[in-house]
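# Notes for the structure review
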Amino acid sequence: MKGNQPELRFVSNFPKEATLQLLLDAHTLYLELREEKQRNLYVSLEEAATLLDFPVRKVQQLIQEGHLKQSKDGSVSRYHVVRVLFELKQAELFNSIG
């Protein structure tokens, strides 16, 4: 009788704790992204580098590639900085699942 019953595999396929944390982080960034779109604030290159945890030259490269928008006074859209963070977190999440 026991051999005819389906085996419950949910526990063995449950995501790792690190994957669940990445999912939570990505969701939090998504909510922040929605708020930043409405605020339309700008930050300095140095602040953008701090938020992204990148050197300033990498931030300048992201501006040249069109990932970040820079105003005439040299500041960077905080919305686009958070969007880059969100995309990086999404990539990290997808890599942890696979």
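Refer to the structure printed above.
The paragraphs below set out a description of the structure included in this document. (Residues numbered from 1 in each chain as written. Predicted model: local features only at pLDDT ≥ 70, side-chain atom pairs only at ≥ 80, totals over all residues. Heavy atoms only, no water.)

### Concerning the pattern of salt bridges
Counting across every chain of the model gives seven salt bridges. Note that arginine 78 and glutamate 32 form a salt bridge whose closest N and O atoms lie 3.1 Å from each other. Pair noted here: arginine 78 is in helix α5 (residues 78-97) and glutamate 32 is in helix α2 (residues 17-39), with a separation of 46 residues, a long-range link. Relative accessible area serves as the criterion here: at 17%, arginine 78 is assigned to the buried category. Salt-bridge contacts for arginine 39 lead to glutamate 36; the nearest nitrogen and oxygen are separated by 2.7 Å. (Salt bridge = Lys/Arg side-chain N within 4 Å of Asp/Glu carboxyl O. Helix = DSSP H or I, 4+ residues; strand = E, 2+ residues; numbered from the N terminus. Buried < 20%, exposed > 50% of the residue type's maximum accessible area, 1.4 Å probe, protein only.)

### What about the packing of helix α3 (residues 45-52) against α5?
Running from N to C, α3 and α5 cross one another at 20°; their axes reach a closest spacing of 10 Å. With respect to each other, α3 and α5 are oriented roughly parallel. Crossing of α3 against α5: the hand is right-handed. Contacts between α3 and α5 involve Ala48, Leu51 and Leu52 from the former and Arg78, Val81, Val84 and Leu85 from the latter. Residue composition of the contact of α3 with α5, grouped by class: six nonpolar, no polar and one charged. (Axes fitted to C-alpha atoms, helices over the stretch in contact; angles between N-to-C directions. Parallel < 35°, antiparallel > 145°, perpendicular 65-115°, else oblique. Left-handed = near helix turned anticlockwise from the far one by under 90°. Contact = heavy atoms within 4.5 Å. Nonpolar A, V, L, I, M, F, W, Y, C, P; charged D, E, K, R; others polar.)

### A word on the nonpolar core
In a soluble, globular protein the nonpolar side chains are often hidden away together inside. If you look at the biggest cluster of nonpolar residues, it comprises twelve residues: Val43, Leu45, Ala48, Ala49, Leu52, Val59, Leu62, Ile63, Leu68, Val76, Val81 and Val84. Setting aside anything within four residues of it in sequence, one finds valine 43 in contact with Ala48, Ser75, Val76 and Arg78. (Core = buried A, V, L, I, M, F, W, Y, C linked by side-chain atoms within 4.5 Å.)

### Quick look at α2
Helix length check: α2 (23 residues) gives 33 Å between terminal C-alpha atoms against 33 Å at 1.5 Å per residue, within 8%. Where α2 is concerned, the buried positions are Thr19, Leu22, Ala26, Leu29, Leu33 and Glu36. Tucked into the core, α2 has its buried residues touching α5. The positive-phi residue at the C-terminal boundary of α2 is asparagine 40, with phi of around 55°. (Expected span 1.5 Å × (residues − 1).)

From the geometry alone we can't say anything about function, so treat these as descriptive.
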